[in-house]
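The primary structure of each chain is shown beneath.
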Amino acid sequence: MAELYFGGDYNPEQWSPAVWAEDMALMRQAGVNLVTVGVFSWSSLEPEPGRYEFGWLDRVLDLLAGNGIRVNLATPTASPPPWFSLAHPEALPVTADGVRLLHGSRDTYCVCSPAYREAAVGIARTLGERYGSHPALEMWHVHNEYGTTCYCDQVSVSFRRWLEDRYGGLAALNEAWTTAFWSQGYSAWEQVFPPRRTQYLANPAQVLDFRRFFSDELLTAYREQKAVLRSLSPGIPITTNFVFGSWVPVDHWRWAREVDLVAIDHYPEGAGIEAEQQTAFGADLARSWAGGGSWLLMEQAAGSLSDGGRMHAKEPGRMTRHSVSHIARGSRGSLFFQWRASRGGSERFHTAMVPHAGPDSRAFREITALGEALPRLAEADEGAVDAEVAILWDAESWWATDGPGLPSPEIDYLAAVRAAHRQLWSLGVSADFAHPTGDLSRYRAVIVPSLYLVSDEAAAAINRYAEGGGQLLVTSLSGIADATSQIRLGGYPGAFRDVLGLRVEEFLPVDSVDLDTGDRGTGWSERLRLEGAEALARYQGGPLDGLPAITRHHNAWYVSTWLDDPSYKSLVDKVIRAAGITPPALPEGVEVITRSSGKTRWRFILNHTSHPVALPGNGVDLLTGETFGDEFTVPAGAWAVLRD
Amino acid sequence: MAELYFGGDYNPEQWSPAVWAEDMALMRQAGVNLVTVGVFSWSSLEPEPGRYEFGWLDRVLDLLAGNGIRVNLATPTASPPPWFSLAHPEALPVTADGVRLLHGSRDTYCVCSPAYREAAVGIARTLGERYGSHPALEMWHVHNEYGTTCYCDQVSVSFRRWLEDRYGGLAALNEAWTTAFWSQGYSAWEQVFPPRRTQYLANPAQVLDFRRFFSDELLTAYREQKAVLRSLSPGIPITTNFVFGSWVPVDHWRWAREVDLVAIDHYPEGAGIEAEQQTAFGADLARSWAGGGSWLLMEQAAGSLSDGGRMHAKEPGRMTRHSVSHIARGSRGSLFFQWRASRGGSERFHTAMVPHAGPDSRAFREITALGEALPRLAEADEGAVDAEVAILWDAESWWATDGPGLPSPEIDYLAAVRAAHRQLWSLGVSADFAHPTGDLSRYRAVIVPSLYLVSDEAAAAINRYAEGGGQLLVTSLSGIADATSQIRLGGYPGAFRDVLGLRVEEFLPVDSVDLDTGDRGTGWSERLRLEGAEALARYQGGPLDGLPAITRHHNAWYVSTWLDDPSYKSLVDKVIRAAGITPPALPEGVEVITRSSGKTRWRFILNHTSHPVALPGNGVDLLTGETFGDEFTVPAGAWAVLRD
Amino acid sequence: MAELYFGGDYNPEQWSPAVWAEDMALMRQAGVNLVTVGVFSWSSLEPEPGRYEFGWLDRVLDLLAGNGIRVNLATPTASPPPWFSLAHPEALPVTADGVRLLHGSRDTYCVCSPAYREAAVGIARTLGERYGSHPALEMWHVHNEYGTTCYCDQVSVSFRRWLEDRYGGLAALNEAWTTAFWSQGYSAWEQVFPPRRTQYLANPAQVLDFRRFFSDELLTAYREQKAVLRSLSPGIPITTNFVFGSWVPVDHWRWAREVDLVAIDHYPEGAGIEAEQQTAFGADLARSWAGGGSWLLMEQAAGSLSDGGRMHAKEPGRMTRHSVSHIARGSRGSLFFQWRASRGGSERFHTAMVPHAGPDSRAFREITALGEALPRLAEADEGAVDAEVAILWDAESWWATDGPGLPSPEIDYLAAVRAAHRQLWSLGVSADFAHPTGDLSRYRAVIVPSLYLVSDEAAAAINRYAEGGGQLLVTSLSGIADATSQIRLGGYPGAFRDVLGLRVEEFLPVDSVDLDTGDRGTGWSERLRLEGAEALARYQGGPLDGLPAITRHHNAWYVSTWLDDPSYKSLVDKVIRAAGITPPALPEGVEVITRSSGKTRWRFILNHTSHPVALPGNGVDLLTGETFGDEFTVPAGAWAVLRD
């Protein structure tokens with residue numbers, strides 16, 4: 001039975017040794033067993049080129065070891081020191097506008113700069129040599145939230161090399177990028193650049209390939225550090241913390257293969273129930289990236305949710321429920337950024353485990369209570385999350401629909417995937433995410449939300465799934481383009497016309513549309529022609545009056561508008577019932593995640609409402625160890641884990 | 001009887017020869033008789049400096065000729081190839097912020113770059129030499145939508161030369177630009193620059209002159225190509241496609257004199273009836289630029305309207321009605337961008353004559369039906385549009401009111417002119433546009449909407465018109481400045497005080513104002529003192545309570561607020577009735593444009609409503625050839641052309 | 001009895017000598033006695049390097065002297081001529097993005113450029129030598145609205161020097177800036193830069209110090225000119241016109257010590273009653289900067305208020321009431337930008353004393369009437385404004401809360417101070433502003449609105465005030481940080497926990513909150529723990545339900561949410577009544593400012609309403625000289641000054 005990790009980023013270099021002593025006592029009080037150290041310590045470890053100051057870190061690691069706290073040791077390469085920028089101005093990132101950024105924040109590096117790459121591997125090696133055998137070392141945390149883009153001349157060189165690998169020659173690139181449009185034909189590699197600022201709309205294929213390239217280039221940089229650390233401390237797991245956001249040029253499916261433990265940072269946006277939905281979404285993604293195995297929530301904020309720039313304070317109990325939600329979905333624990341709120345710096349108001357107010361505070365008491373509870377849940381880590389439905393997730397479709405020249409600015413891939421997940425969450429049905437070319441055969445139903453870009457291989461995999469009898473729900477804007485991002489001609493959705501038994505002739509972005517079933521769509525509609533499918537709902541009013549809106553072709557379903565939540569939930573309910581899945585009957589605002597191993601079943605229950613809820617069943621309450629029969633009541637805002 | 005053109009931009013370089021064959025068949029099926037070829041073909045024609053590939057174009061032109069389709073052959077100078085940018089980085093445009101843009105889109109050139117100018121004339125000459133006598137050649141299409149601005153050092157040199165021509169010396173420039181304000185006096189030409197980014201508000205006279213200069217400089221570049229093509233293919237008409245938008249630094253009145261056929265691209269903004277109003281507006285402008293003669297709609301989108309970034313799909317029939325609306329107003333046909341929707345590139349979702357769905361589609365069937373109908377309308381091209389009212393239109397007033405330091409950010413010249421045109425459109429009265437110094441004597445009424453900048457010559461022409469007895473309606477913010485953009489002192493509107501019999505002492509921007517007539521204004525009001533005029537309406541409430549808002553001085557009318565549509569329509573109705581014009585009684589949403597030649601009269605009827613409308617009269621329906629008596633019924637969303 | 005100044009900026013270089021003659025006649029007619037000359041005359045005075053043209057200015061000064069009009073002579077250093085920029089491109093300012101701005105506006109200089117500094121002192125010396133003994137010279141007006149920022153390399157050098165002075169060494173800087181966060185430790189001075197554009201959030205301490213530095217650097221530049229002028233014309237007062245706005249990097253408390261007469265430019269934003277409130281706010285600030293002594297309104301707009309970019313025309317009488325409001329609060333007169341509205345230039349629509357319409361206008365008649373009235377008010381200048389309440393004002397707290405990483409984007413220091421002042425204004429109670437380290441002992445009550453950054457010295461001064469028995473009202477977000485901008489730990493508001501008898505554990509930004517008193521807050525709330533204080537109001541509903549919102553600890557009050565105006569007014573009323581102040585009973589929209597000297601008391605009454613108001617009392621109406629008993633009636637929109 002694996003222990004669950006509890007702790008967070010620990011930045012002792014911001015504090016005096018007197019504070020370190022208090023930290024140890026408070027960590028023990030809170031039940032902390034893992035801290036991430038050194039993420040932004042480069043300038044503290046190497047204040048001048050080649051002059052190292054390891055004394056403080058030696059003492060801190062020894063202190064932690066002495067207090068039984070394990071260390072997730074970071075390489076500090078996400079933030080080179082000012083002296084590095086000054087010595088290597090060409091290693092500072094450049095915007096698409098040509099502005100060379102300056103240090104004074106973090107992430108001021110160009111990953112394609114040879115000087116940076118050499119220095120990054122160098123500091124990783126130095127740390128590996130010094131601490132690779134330290135008794136406190138639990139795992140390596142390479143870098144932080146890989147994701148910094150650059151458009152400089154060094155990037156041009158690397159981009160061209162990547163393109164040459166991908167396309168072989170310029171003829172293939174010209175074809176894939178449709179450079180015949182707007183006279184963009186390239187006749188020499190040095191004519192090819194990152195998509196810097198240009199006069200008008202950029203080439204969408206160039207923009208997409210640049211994002212693919214950047215993900216790969218960052219991954220290469222990660223692998224260089226991993227190789228060094230592996231050789232210096234074999235057996236110690238190595239990972240990096242994934243972060244999620246449209247600015248992140250990283251394809252997590254590809255990255256997940258390269259880490260020993262998938263780790264994510266998760267900062268939901270929004271103050272309402274969407275924070276709980278996003279927590280579930282992020283955790284399900286992480287588990288899926290980890291191939292269903294365990295993973296780790298590496299960062300979350302202890303006390304706040306980002307809400308349009310405002311820091312919305314988490315209501316009492318909410319931090320704990322979010323932590324349990326992650327653990328229920330496979331996280332091996334709950335870590336926070338950061339242990340102690342900083343006195344200065346840009347993130348001094350980032351809420352922490354120990355707030356500015358100190359340990360005598362509501363916030364720290366909730367942390368301590370969570371730390372106390374976690375060990376009792378560890379047994380459930382043996383169970384696997386039961387998921388019979390998969391949602392396809394694809395970074396490339398996201399990037400492609402984030403590019404220029406789409407028919408509506410409201411097209412939002414992430415929103416489309418979230419909406420699919422939200423209906424399942426709201427029905428109480430656990431979902432995995434799957435890669436478009438992944439093996440879908442073990443799922444009873446698969447949802448394909450707005451999978452704009454579909455390679456031939458992915459198209460084959462998805463069609464094969466439907467041919468095998470699985471319930472397939474495809475939503476609008478799927479299957480539009482091939483791997484080069486060129487349109488699949490002959491009627492949308494080119495990749496899925498046959499399996500869906502229909503053809504889309506035109507896109508009609510709209511404010512909203514009514515369907516004859518009483519359902520309602522927003523933002524989008526399509527002129528659809530049935531070629532075998534039956535209409536489950538038709539448009540009512542407007543230019544599409546009487547034409548099909550939702551269709552079914554045997555076990556392949558299609559929805560051509562962006563349904564509102566009640567309509568979408570009702571459709572998803574139909575699809576999963578057709579797949580033989582009966583959603584549980586749960587009170588609204590109550591979340592239940594089931595884990596099972598052999599005959600043992602654990603239920604994680606989260607009561608997000610402000611009233612107590614009773615759920616049927618009998619078993620043992622892991623928190624109290626008490627047995628109960630018939631039903632179990634979870635107080636308002638509370639949670640429980642039951643062994644049935 | 002001239003044939004009406006039907007077709008669009010044809011970009012065969014994006015497709016394989018197999019597709020070309022299908023194109024020929026579909027073009028014949030659709031009745032296409034003119035295609036624009038080569039607009040963005042530079043990198044396909046000259047993939048490397050000096051190495052030409054004409055084979056594909058030879059074959060395409062021969063194919064077209066063989067299928068009886070005429071060619072509007074473009075010079076590809078709006079989009080130099082990447083190799084050109086790399087060889088001449090100084091020819092890439094620079095923003096006012098100093099950012100040098102890169103290729104990767106289109107229009108990445110600085111028109112003041114000697115290298116660019118030489119290359120542009122060079123490729124035009126090469127095309128002229130090769131195809132100047134090709135049997136398919138119908139006309140030359142120079143460049144595309146001239147309008148790219150630049151602020152680089154080469155532009156500085158050209159701008160100074162232009163200023164020297166205009167002002168003779170710096171003393172005159174200093175006077176005209178009021179450089180005594182804010183210590184901007186220039187003592188040497190090299191101190192003068194384009195209006196690059198500066199600390200605070202720019203000098204409005206400098207900004208205005210820069211726009212004038214850029215229009216002229218672009219025109220010079222056009223004329224250089226025209227001269228070469230003329231010499232190589234005498235007798236072939238030469239034109240360039242005008243585009244309309246506030247970003248376009250071009251004075252179309254001046255340009256219209258330099259083209260053999262005025263041609264416009266027209267992409268209305270807005271999904272509602274404003275698209276029909278804008279269609280009429282653009283077509284009336286084009287006809288006016290063409291001096292009342294025929295002109296050509298060179299581009300429109302087949303299937304969509306831009307609506308705040310969203311591509312609003314044109315409802316069935318709408319593409320056809322827009323085409324007929326243009327033809328009714330003098331266009332010699334209807335062309336589209338583009339023939340076949342691209343598979344890739346930034347405009348792959350730009351709707352086309354052949355959509356992604358292919359020819360078996362509603363969209364292509366509507367195209368085909370239009371192609372079939374057009375030849376039957378050709379006889380009406382002999383008729384002239386009957387317009388007895390003129391609206392003044394002036395690019396310089398637009399530019400001047402788009403500059404810094406105006407009393408309200410809501411001042412919008414284009415909106416003011418559109419509003420005047422919209423009232424006439426809504427009254428069913430055809431309008432011409434006229435240049436401020438043009439001959440107005442043939443009009444019964446003239447509207448002068450927000451003609452901010454008025455040269456002495458224009459002021460004299462307009463005053464002369466009123467003195468001659470024509471009904472003159474002037475709206476607020478007219479006659480404020482002289483040709484240098486300096487204020488005409490002594491009370492606004494300096495150029496028209498005497499003829500209007502009044503004096504404006506103060507501007508009072510507001511949210512809205514009520515008039516004692518029940519009319520209503522928004523955004524603007526003025527403190528007005530009568531000096532001969534009578535008040536037709538007075539302000540009610542607020543600081544202007546009881547003071548005049550709308551006035552009349554004999555045949556000269558003035559309105560000092562921005563009337564809402566019902567109020568404005570009622571005022572325009574009064575003015576034109578005073579001019580002896582009786583607006584026709586038309587059902588709302590029905591548009592009738594009359595053309596006449598001798599005793600023959602053609603009525604173009606567009607029914608924009610969703611119900612059939614019956615109009616009185618008898619004659620011949622050109623579409624069916626049938627004769628009718630008493631009244632004629634146009635089905636919902638349909639159209640007709642009747643010879644009375 | 002001092003004469004009150006009346007006049008404005010006079011820019012004769014924009015006009016011909018014929019206009020000068022008319023100017024003199026109109027100035028005499030209007031009662032003008034002081035004009036500011038030469039603010040933007042550099043290019044007129046020195047059109048080429050070293051070639052001076054003083055003839056026109058000689059003539060103008062002589063003309064003014066001959067007409068009995070005094071001169072406020074400006075050094076033109078806010079706008080170097082184009083020739084200067086061309087000769088010294090390194091003296092042009094650079095944005096944080098690295099864009100070097102160009103001349104063509106005004107203020108295109110970098111104050112850290114040695115070439116600029118030398119030229120500025122040079123032109124000041126030249127003017128001092130020529131006009132230092134001119135009979136018309138009343139005072140020197142150095143520069144204009146100091147406030148232009150720059151991020152160039154010269155600025156880096158000066159910034160480092162300033163930091164070295166402040167911190168002594170890099171160790172102290174690293175500590176104060178918390179550079180251990182995000183690996184920003186500096187190991188050499190040349191690594192330190194202005195806060196140029198960086199990858200993500202900037203360091204807030206760096207941003208704050210940069211603003212402090214820039215204020216000091218601009219002040220040094222001012223002092224250089226002052227020293228030269230003082231030596232050349234001893235006895236002549238020297239000042240510069242302060243301007244107010246968040247873009248202005250100037251700490252007026254420090255600047256006020258360096259001017260012989262505090263002078264402000266004041267352009268209220270907003271068209272409603274807030275313009276009157278802002279007028280009072282600006283005038284009270286100016287008087288406070290002047291240490292309670294007299295000061296001067298150097299610029300206001302004669303006819304318009306800025307309202308979201310729109311120029312809202314001042315209603316008849318409003319210009320006069322604003323002028324009197326300033327004078328009532330200690331201004332030695334009322335000056336305008338500018339005398340005569342310009343014909344061209346960026347500010348041609350800036351309303352002026354003589355409008356475009358000329359002197360035969362409502363606007364000029366109001367100016368003339370004001371000029372006639374002013375001399376009759378001069379006797380009141382002997383009286384001091386009676387203020388028993390102070391509001392703390394601190395540029396550093398403004399800058400600190402304008403920086404990165406705050407918990408809510410709605411935090412707005414200026415709004416918080418305005419809100420405090422507005423309640424007092426609305427209660428009819430005059431207020432001073434005080435510096436946080438100033439002597440507060442003479443006030444009965446002190447309000448501390450959102451004083452985020454509090455040095456130890458300021459904390460001691462404020463706590464001492466409360467200990468001395470003064471009523472102290474502290475509002476949320478006060479006392480959070482120390483002078484380095486580091487958080488004061490242990491619970492907010494660190495600097496004031498003891499005196500307030502409470503501790504804030506968490507910030508909870510919200511839309512709005514209700515209190516159990518019926519009061520209402522917006523935007524902000526806090527989790528508050530009483531440690532001695534009593535709760536005057538508690539939160540109702542939400543996560544803070546039942547917890548304290550407004551507290552009192554003896555004479556120290558705290559409010560933890562942003563109260564709406566009625567709630568805030570009621571709280572302030574309680575606090576001042578506890579201080580023994582009884583607000584006068586005034587009709588809404590009527591403003592009364594009292595000045596007293598010995599036994600004489602003057603009441604300035606401003607009736608901002610549209611109906612007459614009667615106020616009790618007896619005395620003499622200074623405007624008419626008439627004596628009245630019992631009550632005095634002020635007509636709608638009018639004003640009066642009464643000697644009681």
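Residues numbered from 1 in each chain as written. Chains lettered and ligands numbered in written order. Predicted model: local features only at pLDDT ≥ 70, side-chain atom pairs only at ≥ 80, totals over all residues.

A separate point is the overall build of chain A. For chain A, the count of helices and strands is 17 helices and 31 strands. Taking 26 Å as the expected radius of gyration for a compact globule of 644 residues, we find that chain A reaches 26 Å, a close match to that expectation. Counting every position in chain A, which comprises 644 residues, the buried fraction comes to 59%. Sequence-distant contacts in chain A: of pairs separated by 6 or more residues, those separated by 24 or more amount to 71%. (Helix = DSSP H or I, 4+ residues; strand = E, 2+ residues; numbered from the N terminus. Rg over C-alpha atoms; globule rule 2.2 N^0.38 Å. Buried ≥ 20, exposed ≤ 12 C-beta atoms within 10 Å, placed from the backbone. Contact = placed C-beta atoms within 7 Å.)

Before going further, it helps to spend a moment on the relation of the copies chain C and chain A. Overlaying chain C on chain A yields an RMSD of 0.0 Å, the required transformation being a rotation through 120 degrees with an accompanying axial translation of 0.1 Å. In symmetry terms, the pair is related by a three-fold rotation axis. Using C-alpha coordinates, one finds that chain C approaches the rotation axis most closely at C:Val99, a distance of 5.1 Å. (Least-squares fit on C-alpha atoms with pLDDT ≥ 70 in both.)

Our next topic: the domain arrangement of chain A. Residue and element names in this part refer to chain A. Along its sequence, chain A is organised into domain 1 (5-146 + 238-381), domain 2 (389-578) and domain 3 (590-643). One C-alpha centre belongs to domain 1, the other to domain 2; they are set 37 Å apart. In this complex, domain 1 contributes 10 residues to the contact, which on the side of domain 2 involves 13 residues. Mapped by element, the contributors of at least two residues to the side of domain 1 that touches domain 2 are α9 (252-256) and α10 (274-289). In terms of residue count, the dominant contributor to the side of domain 1 that touches domain 2 is α10 (6 residues). A per-class count over the side of domain 1 that touches domain 2 returns 4 nonpolar, 4 polar and 2 charged. (Domains from an automatic or database assignment. Nonpolar A, V, L, I, M, F, W, Y, C, P; charged D, E, K, R; others polar.)

To continue, consider the interface of chain A and chain B. Facing the 50 residues of chain A at the interface are 49 residues of chain B. Among the elements of the structure, α8 (204-232) and β17 (502-507) of chain A are those that each provide at least two residues to the side of chain A that touches chain B. Here the side of chain A that touches chain B gets 4 residues from one element, more than from any other, and that element is β17(A). Within the side of chain A that touches chain B, the residues separate by chemical class into 24 nonpolar, 18 polar and 8 charged.

This part covers the sheet that holds strand β3 (residues 70-74) of chain C. The pairing of strands in a sheet comes from backbone hydrogen bonds and takes either a parallel or an antiparallel form. Residue and element names in this part refer to chain C. One open sheet holds the 9 strands; their spatial order is β5-β4-β3-β2-β1-β11-β8-β7-β6, and the pairing between them is parallel. Two strands lie at the open edges of the sheet, namely β5 (238-239) and β6 (241-242), each paired on one side alone. Looking at chain direction, strand β4 (residues 137-141) and β5 are connected through 2 bridges and run parallel. By the bridge assignment for β5, His141 is matched with Thr239. Lying on the sheet, helix α11 (residues 318-328) is in contact with β8 (295-299) and β11 (331-336); it crosses β11 at an angle near 150 degrees. (Pairing = 2+ DSSP bridges. Axes fitted to C-alpha atoms, helices over the stretch in contact; angles between N-to-C directions.)

Let us look at the environment of C:Ser113. Residue and element names in this part refer to chain C. Looking at where Ser113 falls in the secondary structure, it is placed in the loop between α4 (82-87) and α5 (114-131). Placed 42 residues apart in sequence, Ser113 and Val155 show a C-alpha to C-alpha distance of 7.7 Å. Ignoring sequence-local partners within four residues, the contact set of Ser113 consists of His88, Glu90, Ala91 and Gln154.

What follows is about the packing of helix α5 (residues 114-131) of chain A against α8(A). Residue and element names in this part refer to chain A. At a minimum axis distance of 9 Å, the contact between α5 and α8 shows a crossing angle of 25 degrees. In this view, α5 runs roughly parallel relative to α8, as classed from their interaxial angle. Both α5 and α8 take part in a crossing whose hand is right-handed. From α5, Arg117, Ala120, Val121, Ala124, Arg125, Gly128 and Glu129 reach across to α8, where they touch Ala221, Glu224, Gln225, Val228, Leu229 and Leu232. Taken together, the residues of the contact of α5 with α8 sort by class into 7 nonpolar, 2 polar and 4 charged. (Parallel < 35°, antiparallel > 145°, perpendicular 65-115°, else oblique. Left-handed = near helix turned anticlockwise from the far one by under 90°.)

A few words now on the interface of chain C and chain A. The extent of an interface is frequently quoted as the accessible surface area lost upon association of the parts. Tallying the contact residues gives 50 residues for chain C and 49 residues for chain A. Looking at the side of chain C that touches chain A, the element that brings in the most residues is strand β17 (residues 502-507) of chain C, giving 4 residues.

When the UniProt feature table is mapped to this numbering, "domain: Beta-galactosidase C-terminal" (unreviewed entry) covers residues 589-643 of chain A. Structurally, residues 589-643 of chain A is divided into 0% helix and 62% strand, and its ends, taken at the C-alpha atoms, are 22 Å apart. (UniProt positions renumbered as here; feature names shortened; annotations may be inferred.)

Generally speaking, nonpolar side chains in soluble globular proteins are found buried as a group. Ranked by size, the top nonpolar core spans 624 residues in total, and within it A:Cys110, A:Val446, B:Cys110, B:Val446, C:Cys110, C:Ala390 and C:Val446 carry the most contacts. A:Cys110 has contacts with A:Ala91, A:Leu92, A:Pro93, A:Tyr116, A:Cys150, A:Cys152, A:Gln154 and A:Val155, leaving out every residue within four places of it along the chain. (Core = buried A, V, L, I, M, F, W, Y, C linked by C-beta atoms within 7 Å.)

Further remarks concern the pairing of strand β3 (residues 70-74) of chain B. Working note: regular strand, side chains alternate between the two faces of the sheet. Residue and element names in this part refer to chain B. Most of β3 is tucked away, with 4 of its 5 residues classed as buried. Strand direction decides the pairing type here: strand β2 (residues 34-37) and β3, joined by 4 bridges, are parallel. Pairing of Thr36 across the sheet is with Asn72, part of β3. Pairing between β3 and strand β4 (residues 137-141): 4 bridges, direction parallel. Along β4, the bridge assignment pairs Val71 with Leu137.

Residue and element names in this part refer to chain A. Between α10 and helix α14 (residues 413-427), the shortest axis-to-axis distance is 10 Å and the interhelical angle comes to 105 degrees. On the basis of their axis angle, the class for α10 and α14 is roughly perpendicular. Together, Gln277, Ala280, Phe281 and Asp284 of α10 and Arg418, His421, Arg422 and Trp425 of α14 make up the contact between the two elements. In terms of residue class, the contact of α10 with α14 is made up of 3 nonpolar, 2 polar and 3 charged.

Turning our eyes to something else, we now look at unusual backbone geometry. Note the cis peptide between A:Phe337 and A:Gln338, where omega equals 0 degrees. Between B:Tyr492 and B:Pro493 the backbone carries a cis peptide bond, its omega angle lying at -20 degrees. Take B:Pro493: it is sitting in the loop between β16 (471-475) and α16 (497-500). Positive phi, close to 60 degrees, is recorded for A:Trp182, a residue that is not glycine. Notably, A:Ser183 is not glycine yet its phi reads approximately 55 degrees, a positive angle. By C-beta crowding, A:Ser183 is classed as buried, having 27 other C-beta atoms within 10 Å.

With that settled, consider the UniProt feature "domain: Beta-galactosidase trimerisation" (unreviewed entry) in chain A. Under the present numbering, the feature "domain: Beta-galactosidase trimerisation" (unreviewed entry) in UniProt falls on residues 387-581 of chain A. Between the C-alpha atoms that bound residues 387-581 of chain A there is a distance of 11 Å. The span itself is 27% helix and 28% strand.

Residues and elements named next belong to chain A. Among the structural elements, Trp399 can be located in helix α13 (residues 395-401). On the neighbour-count criterion, Trp399 (25 C-beta atoms within 10 Å) is buried. Considered as a pair, Trp399 and Val35 are 364 residues apart in the sequence and their alpha carbons are 34 Å apart.

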